[in-house]
Amino acid sequence: HIFAALVPQSKPLPHNFARGSGHDELVYGSTRPGFCVDNEKPGAVTTEEVIPWCQFMQEKGVKRILSLLGDDEVEWYAEPIADSLAAHGFDGNPYTRAGVFVDGAVEVMLDAFKRADAAGEKIVVHCSGGGGRASLGFGVWLMHKYGLSAEEAAQEIADTAAVEGSNRRPDAAKLQQLMDNGTLKKKDERDPEAAASPASSAPETPVTNPPDSPMGPYLIPTDL
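All values reported here derive from a predicted model rather than from experimental measurement.

Draft legend 1. Summary view of the pattern of salt bridges. On inspection of all chains with the given rule, the structure shows nine salt bridges. Put simply, R19 and E164 hold a salt bridge, and the shortest N to O gap is 3.3 Å. Remark: E164 occurs in helix α6 (residues 150-164) and R19 occurs in strand β1 (residues 18-19); sequence separation between them is 145 residues. A single burial state applies to R19 and to E164, both of which are buried.

Spelled out as C-alpha cells, the structure:
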C-alpha cells in the first residue's frame, strides 16, 4: 500500500494534481486544462491557457486523460479541447470524456481506466476543479479494481487528499448511486434499455468521434 509512504504537503498543489488514492501509481486527479473561475463562459479559455496544463502533465508522466466535463463546460474553450490536447502532446487515443449524468458513464470510465492499466500508463481524471466528480472517478476505479465499498473508497480518497494536500470531495452516497446505476442521471430520465443492460456499450448518440478518429471515440454528456 503506497499511502503509508506519502508525506503530508503544506503548499497548494499546481493544478490540484495528486494521486487519487494510495493504492496505485496509475490514477491521478487535477483541475481542467486552463482552470480559472474567471473563464467559465463560452469561448473564454484560450489555447495558450491550455498549453501549461499539457506541459505539466507530460512532465509528470501522464499519458492519458479522462475528462468528466459536461457539454456546457467544454464550450468554455475557444478551440475544441480535444484538438488542443492532441496538438500539445496528447495525440493518438489518450482522451476520453464521460459525464456522470449520461447513461453508461461508468462503463466508459472503466474502459479508460482498464486501457491505462493494461498499458501501464498514468491517467489523469479531471472535472473542473478536480474535487467532486474527479473523486467519483477515483471511487469507480477503487471499487472495481480493489473491491472497496463506496464508504471505504471515499475514506481512502479523503485520507490520501489530506496527506498529499489535494482538494477532493468524495461522496460515498453519490459514488454508490453511480456504481449501482452506471450514471447519476435521474431514474425517470434514464434510457430503459441502458438501465436493463448495464454491461452493454455506451449509448450511440453521445459518441461523437468515429472509432478511427485520431482522438478515438469519446462520450459527450447530454447534461451535467
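What follows continues from the structure just given.
Draft legend 2. Spotlight on α6. Across its 15 residues, α6 extends 21 Å between first and last C-alpha, which sits within 8% of the 21 Å expected from 1.5 Å per residue. Those residues of α6 lying buried are A150, A153, A154, E156, I157, T160, A161, V163 and E164. On its buried face, α6 sits against β1, α5 (132-146) and α7 (172-181). The first or second residue beyond α6 is G165, which carries a positive phi of 85°.

Draft legend 3. Representation of unusual backbone geometry. Positive phi is not limited to glycine here, since H15 has a value of about 60°. Relative accessible area serves as the criterion here: at 27%, H15 is assigned to the partly exposed category.

Draft legend 4. Here's a closer look at the nonpolar core. V27, L66, F113, I123 and V125 are the most contacted members of the largest nonpolar core, which totals 32 residues. Breaking this core down by element, the ones donating at least two residues are α4 (105-119), β5 (122-126), α5, α6 and α7. In this structure, F113 is in contact with L26, V27, L66, I123, V125, G137 and W141, ignoring residues within four places of it in sequence. In terms of nonpolar packing, the next biggest core, distinct from the first, is built from 20 residues, Y28, V45, I81 and V124 among them.

Draft legend 5. Structural view of the pairing of strand β3 (residues 62-67). With five of six residues buried, β3 lies mostly within the body of the structure. For β3 and strand β4 (residues 95-97), the ladder comprises three bridges, and the chain directions are parallel. Following the sheet pairing, I65 is matched in β4 by Y95.

Draft legend 6. How the structure looks around the sheet that holds β4. The five strands are arranged β1-β2-β5-β3-β4 in an open sheet whose pairing can be described as mixed. One side of each edge strand has no neighbouring strand; the edge strands of this open sheet are β1 and β4. Here β3 pairs with β5 via five bridges, running parallel. Bridging from a neighbouring strand, V62 pairs with K122 of β5. Of the strands in this sheet, β2 (27-30) and β5 are in contact with α5, which crosses β2 at around 170°.

Cut-offs used in this document
Counting of residues starts from 1 at the beginning of each chain's written sequence and follows it residue by residue. At least 70 in pLDDT is required for a residue's local features to be given in this predicted model, at least 80 for side-chain atom pairs to be given and counted, and no such filter applies to totals for whole chains, interfaces and linings, which use all residues. With hydrogens and water stripped out, all remaining heavy atoms of the structure feed into the side-chain values. Salt bridge, as used here: a side-chain nitrogen of Lys or Arg that lies within 4 Å of a carboxyl oxygen of Asp or Glu. Each helix is a run of DSSP H or I of at least 4 residues and each strand a run of E of at least 2, with the numbering of both proceeding from the N terminus. Categorising residues by exposure relies on relative accessible area from a 1.4 Å probe, with only protein chains included: less than 20% of the type maximum marks a residue as buried, more than 50% marks it as exposed, and the intermediate range marks it as partly exposed. A helix is expected to span 1.5 Å multiplied by its residue count minus one. Here, residues are in contact when the closest pair of their heavy atoms is within 4.5 Å. Put simply, buried Ala, Val, Leu, Ile, Met, Phe, Trp, Tyr and Cys residues joined by side-chain atoms within 4.5 Å make one nonpolar core. Paired strands, as defined in this entry, are two strands with at least two bridges between them according to DSSP. To define axes, lines are fitted to C-alpha atoms, for helices over the stretch in contact only, and angles between the resulting N-to-C directions are given on a 0 to 180 degree scale.

Just geometry here; none of it tells us what the structure is for.
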